[in-house]
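In case you want the letters, here they are:
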Amino acid sequence: MLNTTNARGRRMKLIAVACAMCVALAALAGCSGTGSSSQQKTPAQLNREYMSSVNSISSEASRALSDFGDAAAKQDVAAMRLAAADAGKALDKIDSLEAPDALKDVSDEYKAGADDLSQALSDYVEIYSKVKNAGDDTAAAASAAEGIDDVKARYDSGVTHLSKADSMVAEMADDSNSDSSSK
């Protein structure tokens, strides 16, 4: 009885981590901005275009994560794997963005967060698959689930990087508004 309860607890923990990953990418989608088509762009325009690109990528990843959450709820490993790959592809696009000078540090944080979340998602699917394949073998399920703490740590690191990037952007916006007010 204890082993069955422990295996169920581990499965619930796996599902909780999947849901938390969905929330993290939804938070990343909160970045916004608009682009410009002029040839000589001001630093502010370049910053807005960069943030708009991050927002677009985040929205794409968020949709994939929504699909991932649906697949996790249905315990459909194949659909989870596909959605995780789609989210990973979207998040990988952040690495290819050219950040304006003023946003280089922000970009580094977004890249680190996206990399950590993408890896955590991939690792989660692998662990979940092993746990599911273990079936009623509680020892095998427990062994497969041992890596979940590492996945959670990588996920937490990703969230920390994304939160730091968002805070940096907010601080820059506050500083910009303060500078405008004092003129």
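Along each chain, numbering runs from 1 in the same order as the chain's sequence is written. Only residues with pLDDT of at least 70 are given local features in this predicted model, and only at 80 or more are side-chain atom pairs given and counted; all residues enter the totals for whole chains, interfaces and linings. As a rule here, side-chain values cover all heavy atoms of the structure and leave hydrogens and water aside.

Colleague: Got a minute to help me understand the packing of helix α3 (residues 77-96) against helix α4 (residues 104-134) in this structure?
Modeller: Where α3 meets α4, the closest approach of the two axes is 9 Å, and the angle between their N-to-C directions is 165°. The orientation of α3 with respect to α4, classified from their angle, is roughly antiparallel. For the crossing formed where α3 meets α4, the hand is left-handed. Each residue receives one of three labels: charged for Asp, Glu, Lys and Arg, nonpolar for Ala, Val, Leu, Ile, Met, Phe, Trp, Tyr, Cys and Pro, and polar for the others, Gly being one of them. A class-by-class count of the residues in the contact of α3 with α4 yields 13 nonpolar, 3 polar and 7 charged. Axis lines are fitted through C-alpha atoms, for helices just across the contact stretch, and the angle between N-to-C directions can take any value from 0 to 180 degrees. Going along the chain from the N terminus, every DSSP run of H or I of four or more residues is numbered as a helix, and every run of E of two or more is numbered as a strand. Any angle that falls under 35 degrees is termed roughly parallel, while one over 145 is termed roughly antiparallel, one within 65 to 115 roughly perpendicular, and all others oblique. For any helix crossing, the convention is left-handed if the near helix is rotated counterclockwise from the far helix by under a right angle, and right-handed if that rotation is clockwise.

Colleague: For this particular structure, what's the right way to read the packing of aromatic side chains?
Modeller: Two aromatic rings, drawn from Phe, Tyr or Trp (for Trp, its six-membered ring), form a pair once their centres lie within 6.5 Å of each other, and the interplanar angle then sorts them: stacked below 30 degrees, edge-to-face above 60, tilted otherwise. Evaluated as defined, the whole model comprises 2 aromatic pairs. Between Phe-68 and Tyr-124, the aromatic rings sit 5.9 Å apart at their centres with planes inclined by 70°, giving edge-to-face as the arrangement. Of the two residues, Phe-68 sits in helix α2 (residues 43-74) while Tyr-124 sits in helix α4, which places them 56 residues apart along the sequence. Relative accessibility under 20% of the residue-type maximum defines a buried residue, over 50% an exposed one, and the middle range a partly exposed one, all with a 1.4 Å probe and only protein chains included. Here Phe-68 falls in the buried class, since its relative accessible area comes to 0%. Aromatic rings pair up to connect Phe-68, Tyr-124 and Tyr-128 into one cluster.

Colleague: Please clarify how the pattern of salt bridges should be interpreted in this entry.
Modeller: Note on definitions: salt bridges are taken to be side-chain nitrogens of Lys or Arg within 4 Å of carboxyl oxygens of Asp or Glu. Considering all chains together, one arrives at 7 salt bridges under this definition. Here Arg-81 makes a salt bridge to Glu-126, at a shortest N to O gap of 2.4 Å. Of this pair, Arg-81 sits in helix α3 while Glu-126 sits in helix α4, and the two are 45 residues apart along the sequence. A residue is classified by how much of its surface remains accessible, and Arg-81, at 35% relative accessible area, is partly exposed. Using a relative accessible area of 36% as the deciding quantity, one classes Glu-126 as partly exposed.

In short, the description is geometric, and any link to function would need to be established separately.
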